[in-house]
Amino acid sequence: TDLEYAEDYFEKMYKDADLRPEVLRLYHLHSIKKFLSNKGAYRWSEFTMLEKAAFKFKQANISFVIVNNPENPLELDLYKESEWYKDYLKFYSELSKHSVKFYDHKESVPKTQDFIDSHHLSYSGSEKMIKNYSEIIKENTK
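Within each chain, residues carry numbers counting from 1 in the order of the written sequence. Reporting in this predicted model follows two pLDDT cut-offs: at least 70 for local features of residues, and 80 or more for side-chain atom pairs to be given and counted; totals over whole chains, interfaces and linings ignore these cut-offs and use all residues. Side-chain measures here rest on the full set of heavy atoms in the structure, leaving out hydrogens and waters.

The next point concerns the pattern of salt bridges. We count a salt bridge whenever a side-chain nitrogen from Lys or Arg sits within 4 Å of a carboxyl oxygen from Asp or Glu. Throughout the structure, instances matching the rule amount to ten salt bridges. Where Asp 77 meets Lys 80, a salt bridge forms, and the shortest distance between an N and an O atom there is 3.4 Å. On the accessibility criterion, Asp 77 (52% relative accessible area) is exposed. Using a 1.4 Å probe on the protein chains alone, a residue whose accessible area is under 20% of its type maximum counts as buried, one over 50% counts as exposed, and one in between counts as partly exposed.

Okay, here's the thing in structure tokens:
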């Protein structure tokens, strides 16, 4: 069931994470996203660099595609309604002024069991995204 999966997921992913190097990075990511979800709108310095790169690609007539990949709903639900995340998505959408094509697939795989961890798809999850990725590639191939 979804409840059993959620219980297993959080135990498997985060129990004793400080003692398990294989999940420590994902635990830190989880903690930071929880923190940011309460912070409000926030722009990293990397956003400025991304804008500069997008501008240069546009000048050189080079396609630039950004895909917001699916994320496990157990993680996404922690922050998807936060001001920080809405601003994050707004930033990527606004890159269209530099001819960046942004595809938001954060909820394209809504079943938690289609994820191995916070953001890696299982085989069945990958099968569900193949059509989306194929369309993005076709749409952006000259």
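With that settled, the discussion passes to helix α6 (residues 123-139). Spacing of three or four residues puts side chains on the same side of an α-helix, whose turn is 3.6 residues. With 17 residues, α6 should cover 24 Å at 1.5 Å per step; its first-to-last C-alpha distance of 24 Å lies within 8% of that length. For a residue, the bend is simply the angle between two axes, fitted respectively to the seven-residue segment ending there and the seven-residue segment starting there. The numbering of helices and of strands both runs from the N terminus, where a helix is a DSSP run of H or I of at least 4 residues and a strand a run of E of at least 2. A maximum bend of about 40 degrees is found in α6 at Met 129. When we look at burial in α6, the residues that qualify are Gly 125, Met 129 and Ile 136. Any two residues whose heavy atoms approach within 4.5 Å are treated as being in contact. If you follow the buried residues of α6, they end up packed against β1 (64-68) and β2 (100-104). The span one expects for a helix is its residue count, reduced by one, times 1.5 Å.

Take the nonpolar core next. Take the buried Ala, Val, Leu, Ile, Met, Phe, Trp, Tyr and Cys residues and link them wherever side-chain atoms come within 4.5 Å; each set so joined is a nonpolar core. The biggest cluster of nonpolar side chains holds 16 residues, and the ones touching the most others in it are Leu 50, Ile 66, Tyr 85, Tyr 92 and Leu 95. Listed by contribution, the elements that provide at least two residues to this core are α3 (45-59), β1 and α5 (83-94). Broken down by element, the residue count for this core peaks at six residues, all from α5. The next biggest cluster of nonpolar side chains, apart from the first, holds eleven residues, and it includes Tyr 5, Ala 6, Met 13 and Phe 115.

What follows deals with the side chain of Lys 33. Locating Lys 33 in the fold gives a position in helix α2 (residues 21-37). On the accessibility criterion, Lys 33 (17% relative accessible area) is buried. The residues touching Lys 33, leaving out its near neighbours within four places in the chain, are Glu 71, Tyr 79 and Trp 84.

Take the environment of Tyr 27 next. Position of Tyr 27 relative to the elements: it lies in helix α2. Relative accessible area serves as the criterion here: at 33%, Tyr 27 is assigned to the partly exposed category. Along the sequence, Tyr 27 and Asp 16 sit eleven residues apart, while their C-alpha atoms lie 9.8 Å from each other. Setting aside its immediate chain neighbours within four residues, Tyr 27 contacts Tyr 14 and Ala 17.

Here we take up the pairing of β1. What you see with β1 is a clean split: Phe 64, Ile 66 and Asn 68 sit on the buried side and Val 65 and Val 67 on the side with no burial. Of the strand pairs in this sheet, β1 and β2 are connected by five bridges, and their pairing is parallel. The partner of Phe 64 across the bridge, within β2, is Val 100. Strand pairing follows a simple DSSP-based rule, namely that at least 2 bridges must link the two strands.

Along its 15 residues, α3 runs 22 Å from first to last C-alpha, staying within 8% of the 21 Å computed at 1.5 Å per residue. Along α3, the residues that are buried comprise Phe 47, Leu 50 and Ala 54. Buried residues along α3 cover an arc of 60 degrees about the axis, so they all sit on one side. Of the exposed residues in α3, those oriented more than 90 degrees away from the buried face are Ser 45, Met 49, Lys 56 and Gln 59. The inward-facing, buried residues of α3 contact β1, α5 and β2. At the C-terminal side of α3, Asn 61 shows a positive phi close to 60 degrees. By definition, the arc is the one covered by directions from the helix axis to the C-beta atoms.

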